[in-house]
Amino acid sequence: MDILLTQTALYLYLLALLLMLTRAFQPRLTPWVPSGALLLGALLQLAAIILRWRLLGWTPVTSLYEVIAYFCCGLALVIFFTFRKFDFPWVASLALALLAGTLSYALYGQDTNVKMVVPALRSHWMAIHVSSWCFSYSSFSLGFVASAALLALRRLNLHPALQERLSAIFYRLVLFGFPFHTLGLITGAVWAKNAWASPWFHDAKEWAAAITWLIYAVYLHLHHRENKGADWLGILGMASIVFAFVGVNYIPSAQQSAHTYVQPGEPDLMPLFWMMSPFVMLALVLWGLGFWKNGLKTATSTRR
Amino acid sequence: MTFAVILLSLLAIAALVGVMWKDQEAAKEWIYHAAWFRGIFVFLICDLILAIVVHAEFSRRYAAYFLTHAGLVTTLVGFSIGGLFGMEGYLMLDVGKHESRLSDLNPKTNRLQPKTPEEKLPFEVFLERFYIDYYPPAAPYLLVSLADTKKGVKIPLDRGDRLRSPDSKYKLTVIERFASAEQKFIVVNRSDKARNPAVKVRAEQNGRLFQGCLFAVLPAVPVVETPLLVMEFKYGLDEPAWNKQVQEAHQSVAASFAFTDEATGEGNVLPVVFNRDQLLGKTGYRLRMLRSISGVNVDMATKKTEELMGPPVNPALRVAIVSVDGRKHERYVFAQPPPPFMERKLRGPFEKLKLEYHYAPPLGRDFAYVMLHSGDGQRFSVVSLLPEGKTQTITAVLGEEKIISASRKRRNAVDRNLNGTTDENLSLPRGLRIRVQEFLPDAGVDEKVAAVPSGGQPAIRIRVEGVLGKDEKWLMLNAERGIEYPDRNLTLRYMQDPLDIRQYHSDLRLIEKGKVEKRATVSVNDPVTHQKYTFYQIDYDKEHGQWSVLKVVRSPGTPVLFTGFGMLFLGVVGMVLTRGQKLSRKR
């Protein structure tokens, strides 16, 4: 039943994406139409999570499918509230595409079976820990979309007013996500102390999460100094999130990690490469755009 | 601020190198535990303190700023105190034995070795018992798989639900319900006109169905017995006698141990207490109960016995007996005794000493001991041992279904996914019809599959019908072979997943100068602290459950660390709430 609800939520997100694009082209469409579909999807997903919670008797964050579904529900809510506040259909469309893609991956690429909670996961700290991650990652993900759009506009020297707005949105989203990320790190350490006697094991996953925290801490410091280069950290931060969330399972050190469940043998680096390649491509495209625009300007000025 | 940004970036880059390093032990040596890496933290602490001082002022923004930065410093100091003054080690404990020596984990071999120089706890730790909690068994399911695509679907066998078909073209029907993790009983029929009144009862337990007649006079009770449910029918008792029966039933749910000296005829009942010498009346024997096990496996080739853990098969106690003349003997006492000649063999040198073990399931586990009584012929009373260790009495009315332990959560067996592939594209032969024809909770195979009184396996008779023909077969639960549909591609099997582990527990006694200071149970995520030492459940004997490994930690930095965590979180939240405000800077 919960799977059916999640699938329905996915279709609603796709509908919201369609409506959001319509809103981008046709501003006469009231913002409540796309955001209504989005909210309905998020509520359905919330109901699915509650159903699964009851079925499992525990917070449903015990498998990758459940964690991604939890994250997607958080992301949908963050998109909804940010869209209601800032009304930016283009960025919301991109974020919805990211949301639909991620949820499809969870629904159709992951094991959706209910799994019994293993003893180590039977801690209330785990529920707070994972929920914190989900909210921070949702917020950072939307921030990533805003920062990517902002960088593209900046490289093309278009819409300075919109650039200002996107920069403000990105900052607010990081500001919202950062306390949750901090809480995630803290509760993770408290849980580890309770379950395995030590709050920090120098584990690959732990450090990957800490790197994300460091990146956003650096961003907040640089933004405070009005350093425009800080917006690049939105892309770096998102790459770090994907790495900490999924990518860390595919690195050679994953076999020694307590947080990843990999089969013995040589890990395959190709999935990691594929996971990281969109971010590298995006960065290259953004650089390329700047070069093209600036090159064009230089050529024009020379001719004059 | 620039310096802080440089330091944070350096940390991130160094950590990334550490994360990507294949050999994590080398990463610890060259990065995380290296002086240069710690040096960055020292600089960071200095920079944070400097930032706190430079921006000092009376404002809400500064309060948040202070908490964030001072919280980070406190956290790092807390980690350092733990690293400098803390202690950690491992205790390898055998069931029924003391230990105080600590061991170290060799990261290369991943094995425990005694610490050098020897390190001991200031008290002894005695492992009274180690045990595992299991989740209730999952519902059985029908496994439909295709050989060519290696895909399959699990179809749960639940009543009421129309079976979820992998394709809407196929109809799947269940005739009888037999998948439930709840214990239920229903009094179906009663006869009190005959000379031997009887009731017909049906009990469902962990997905298995047991039914039969209970007679008041003959044959000897109990007639219907499930692994966890014993039913007796007492007819025509008056109120006091009935109350007495209920009282006795309450008492009977506790484990007990009986001895009889056949030479003198002396006998009595003993409580089940481990690792304490008990005198067997005036017989002169002393008995010590060493441990309880769920069964014994005997390797017929080597004649070696292997003790079993997990759900009780034939629960037993391992006991040591010492006679007056100092002769010693260790033996098992089974809840279901072996045949008389074997039982005599077990007695060893003490041929006249008969020992009996009345098994009651352990408290707080998934098992309950239940007795059914009848008072005046209208009421049926069930006395059960609840998971929390309390006993309760439920009165049932004729024909009404009662759930004895309703708190158990039913596990679902969702379809989808077999061997990592989803069933979304599973395409079964066209027009295939699968129908469960019959179910036997206790079936055995002689010449053909037939119901047996007890000790059998659940079985279903299943019919498959399609364009390639039809087939009908009995499928035994978890049997290797299933129905191979005429094309040999489609296979049907009747399956139930093994029990999942819920929790591990070690019952400890902490002994100082021969006196038990504390009794405690250590479980995963539930450590126990004694005299600044905290014990964590880390590992256990996966085969026989005869040893348990605890991690012992003394970490004086923990209060500082947790204070730092609290300050840091409050500070970060404060920074968000006071956004837009600026701090002054003193030079």
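Note that the structure is a prediction, hence the values are computed from the model and not measured. Note that residues are indexed from 1 along each chain, following the sequence as it is written. Here the convention is simple: chains get letters from A, ligands get numbers from 1, in the order in which they are written. pLDDT decides what is reported in this predicted model: residues at 70 or higher carry local features, side-chain atom pairs at 80 or more are listed and counted, and totals for whole chains, interfaces and linings draw on all residues regardless. Only hydrogens and water are set aside when side-chain values are computed; all heavy atoms of the structure are taken into account.

Once that is clear, we can look at empty space enclosed by the protein. All names here are of chain A. Here a cavity is any set of points on a 1 Å grid over the protein atoms alone where a 1.4 Å probe fits but cannot get out, and a pocket is any open set with protein on both sides within 12 Å along at least 5 of 7 lines; a residue lines the site when it has an atom within 4 Å of a point. Grid points are joined across faces, edges and corners, and a volume is the space filled by probe spheres set on the points. A complete count under the given rule lists three cavities of 30 Å³ or more for this structure. The wall of the largest cavity is formed by Asp2, Thr6, Gln45, Ala48, Ile49, Arg52, Pro60, Tyr65, Glu66, Ala69 and Tyr70. Secondary structure elements are defined from DSSP: runs of H or I of at least 4 residues count as helices, runs of E of at least 2 residues count as strands, and each element is numbered from the N terminus. Among the elements of the structure, helix H1 (2-25), helix H2 (32-56) and helix H3 (64-86) are those that each provide at least two residues to the lining of the largest cavity. Here the lining of the largest cavity is composed, by residue class, of six nonpolar, two polar and three charged. Just so you know the grouping, Ala, Val, Leu, Ile, Met, Phe, Trp, Tyr, Cys and Pro go in nonpolar, Asp, Glu, Lys and Arg go in charged, and all remaining residues, Gly too, go in polar.

The next subject is the side chain of Glu343 of chain B. Residues and elements named next belong to chain B. As for its position among the elements, Glu343 is in helix H6 (residues 340-346). Under the relative-accessibility criterion, Glu343 is labelled buried at 10%. Whether two residues touch is decided by their heavy atoms; if any such pair falls within 4.5 Å, the residues are in contact. With sequence-adjacent residues up to four places away left out, Glu343 is seen in contact with Arg331, Pro338, Lys354 and Leu355. Burial status follows relative accessibility: with a 1.4 Å probe on protein chains alone, a residue under 20% of its type maximum counts as buried, one over 50% as exposed, and anything between as partly exposed.

A separate point is the nonpolar core. Only buried residues count toward a nonpolar core, which is a set of Ala, Val, Leu, Ile, Met, Phe, Trp, Tyr and Cys residues joined through side-chain atoms within 4.5 Å. In terms of nonpolar packing, the biggest core is built from 128 residues, with Leu38, Ile79 and Leu99 of chain A together with Val19 of chain B touching the most fellow members. At 16 residues, H3 of chain A tops the list of elements feeding residues into this core. Leu91, Leu93, Val522 and Leu550 of chain B belong to the second-largest nonpolar core, a separate cluster that totals 25 residues.

Turning next to the sheet that holds strand E2 (residues 98-101) of chain B. Residues and elements named next belong to chain B. Read across the sheet, four strands follow the order E2-E5-E31-E32 without closing on themselves; strand pairing throughout is antiparallel. At either margin of the open sheet sits one strand with a lone partner, and together these are E2 and strand E32 (515-523). Strand-to-strand twist of the sheet, defined as the mean angle between neighbouring strand axes without regard to direction, takes the value 30°. Pairing geometry for E2 and strand E5 (residues 120-134), over three bridges, is antiparallel. Paired with His98 across the bridge in E5 is Phe126. Criterion used throughout: strands pair if DSSP finds at least two bridges between them. To obtain each axis, a line is fitted to C-alpha atoms, and for helices this fit is confined to the stretch in contact; angles are then taken between N-to-C directions over 0 to 180 degrees.

All right, on to the confidence of the model for chain B then. In regions of low pLDDT, the predicted coordinates are not meant to be interpreted in detail. All names here are of chain B. Of all residues in chain B, 65% have pLDDT values of 70 or greater, and the mean over the chain is 72. Known as pLDDT, the predictor's confidence for each residue is given on a scale from 0 to 100. Per-residue pLDDT, averaged within each element of chain B, yields its smallest value for strand E8 (residues 172-173) (30) and its largest for helix H7 (residues 558-577) (94). Scored below 50 in pLDDT, residues 158-195 shows 127 contacts in the model against residues more than four places distant or in partner chains. Across residues 361-378, confidence stays below pLDDT 50; counting only partners more than four residues off in sequence or on other chains, it has 86 contacts. Among the prediction metrics, the complex's ipTM stands at 0.87, with pTM recorded as 0.65.

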